[in-house]
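As a plain string of letters, each chain reads:
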Amino acid sequence: AQSVSQHNHHVILSEAASLELGCNYSYGGTVNLFWYVQYPGQHLQLLLKYFSGDPLVKGIKGFEAEFIKSKFSFNLRKPSVQWSDTAEYFCAVNAGGSQGNLIFGKGTKLSVKP
Amino acid sequence: EAQVTQNPRYLITVTGKKLTVTCSQNMNHEYMSWYRQDPGLGLRQIYYSMNVEVTDKGDVPEGYKVSRKEKRNFPLILESPSPNQTSLYFCASRRGQVSTGELFFGEGSRLTVL
């Protein structure tokens, strides 16, 4: 069965620090990959997504992610975090097929200290 | 404004008292889905629907029912709620068969079963 692993449960950073959140998935075929963000008390919103092409994808608010097929990874990065980036981040994978159901990781909570 | 609307946003109920959480989207999306979010477990899919009158079980369907009589609505029914169904519920929708498409989430419904 497909699965998504997010390595860190809770990450605490100071403003201006660099961020990297790990995401690994288990599926050997073609995948579509997503990062969603959930700000406190809000619903999930799409940060970025990868389907094909350039493995380095850029999303909103200065976030980017790199797809490394050989490592089954899709790590999220941001060079310099802000207090407003405090949120929970979810990696999700869709291994294709007509249903297109997303499998979500358990989430990583990011706390940014001002 | 494109949106997914859930009601109620907050509900406290007692074991065994049937309840329905409504979900409506105004984007003419074919695909709709229900998730529950629990601390440390991320989002888990309850049921999904590829189109009107087409529904299928997700990963945690026990204790839930759904229906899709109209394209815009996808209610979640708890026939006999139990305390282990205390959770935060999200409805989401997406355009058609496009597995690469973005999921749009509702604001969430926080349910407490006593």
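As shown above, the structure is provided for reference.
Note that the structure is predicted; figures quoted are calculated from it, not measured. (Residues numbered from 1 in each chain as written. Chains lettered and ligands numbered in written order. Predicted model: local features only at pLDDT ≥ 70, side-chain atom pairs only at ≥ 80, totals over all residues. Heavy atoms only, no water.)

> Which residues make up the state of the cysteines, and what are the values?
Throughout the structure, instances matching the rule amount to 2 disulfides over all chains. There is a disulfide in this structure between Cys23 of chain A and Cys91 of chain A, and the S-S distance comes to 1.9 Å. An S-S torsion of about -65° defines the bridge between Cys23 of chain A and Cys91 of chain A as left-handed. Of this pair, Cys23 of chain A sits in strand E4 (residues 23–26) while Cys91 of chain A sits in strand E10 (residues 87–94), placing them 68 residues apart in sequence. Pair check on accessibility: Cys23 of chain A and Cys91 of chain A agree, each one buried. One disulfide bridge connects Cys23 of chain B with Cys91 of chain B, the sulfur atoms lying 1.9 Å from each other. What sets the handedness of the Cys23 of chain B and Cys91 of chain B disulfide is the S-S torsion sign, and at about -75° it is left-handed. (Disulfide = S-S within 2.5 Å. Helix = DSSP H or I, 4+ residues; strand = E, 2+ residues; numbered from the N terminus. Buried < 20%, exposed > 50% of the residue type's maximum accessible area, 1.4 Å probe, protein only.)

> Describe in detail the pairing of strand E2 (residues 10–14) of chain A, supporting the description with residues and values.
Residues in a regular strand project their side chains so that they alternate between the two faces of the sheet. Residue and element names in this part refer to chain A. Alternating residues of E2 divide into Val11 and Leu13, all buried, and His10, Ile12 and Ser14, none buried. As judged from the 5 bridges shared by E2 and strand E12 (residues 108–113), these two strands associate in the parallel manner. Residue pairing for E12: Val11 is matched across the bridge by Leu110. (Pairing = 2+ DSSP bridges.)

> An account of the sheet that holds strand E1 (residues 4–7) of chain B is needed here, citing residue identities and associated values.
All names here are of chain B. The strand order E1-E3-E8-E7 describes an open sheet built from 4 strands, whose pairing is antiparallel. Strands at the two margins of the open sheet, each flanked by one partner only, are E1 and strand E7 (65–66). Of the pairings in the sheet, the one linking strand E3 (residues 19–25) to strand E8 (residues 76–78) comprises 3 bridges and is antiparallel in character. Note on E8: the bridge partner recorded for Leu19 is Leu78.

> Describe the pattern of salt bridges, naming the residues involved and giving the relevant values.
For the structure on display, the rule yields 9 salt bridges over all chains. Lys18 of chain B is the partner of Glu79 of chain B in a salt bridge, and the nearest nitrogen-oxygen pair spans 4.0 Å. Taken as a pair, Glu79 of chain B in the loop between E8 and strand E9 (87–94) and Lys18 of chain B in the loop between strand E2 (10–13) and E3 lie far apart in primary sequence, 61 residues in all. Taking the relative accessible area as the measure of exposure, Glu79 of chain B reaches 35% and is therefore partly exposed. Taking relative accessible area as the criterion, Lys18 of chain B reaches 51% and is therefore assigned exposed. Salt bridges sharing common partners tie together Lys58, Glu64, Glu66 and Arg77 of chain A. (Salt bridge = Lys/Arg side-chain N within 4 Å of Asp/Glu carboxyl O.)

> Before we move on, can you summarise the interface of chain A and chain B with the specific residues and values?
Accessible area lost when the parts come together is the quantity often used to give the size of an interface. Taken together, the contacts link 24 residues of chain A with 22 residues of chain B. Summed over both sides, the interface between chain A and chain B buries roughly 1,800 Å², with carbon and sulfur atoms accounting for 52% of that surface. In terms of surface lost to chain B, no three residues of chain A exceed His43, Asn101 and Phe104 of chain A, which account for 26% of the buried area on that side. Taken together, the links from chain A to chain B amount to 0 salt bridges. Counting every contact that joins chain A to chain B gives 3 residue pairs in polar contact (both at pLDDT 80 or more). Secondary-structure elements contributing two or more residues to the side of chain A that touches chain B are strand E5 (32–38), strand E6 (44–50) and E10 of chain A. With 4 residues, E5 of chain A is the single largest residue contributor to the side of chain A that touches chain B. (Contact = heavy atoms within 4.5 Å. Buried area = accessible area lost by both parts, 1.4 Å probe. Polar contact = N/O pair within 3.5 Å; in protein donor to acceptor, adjacent residues only side chain to side chain.)

> Report on the pairing of E1 of chain B, specifying residues and quantitative values.
All names here are of chain B. By the alternation rule, side chains of E1 split into Val4 and Gln6, which are all buried, and Thr5 and Asn7, of which none is buried. Bridge analysis of E1 against E3 gives 4 bridges, and the strand direction is antiparallel. By the bridge assignment, Thr5 is partnered in E3 with Ser24.

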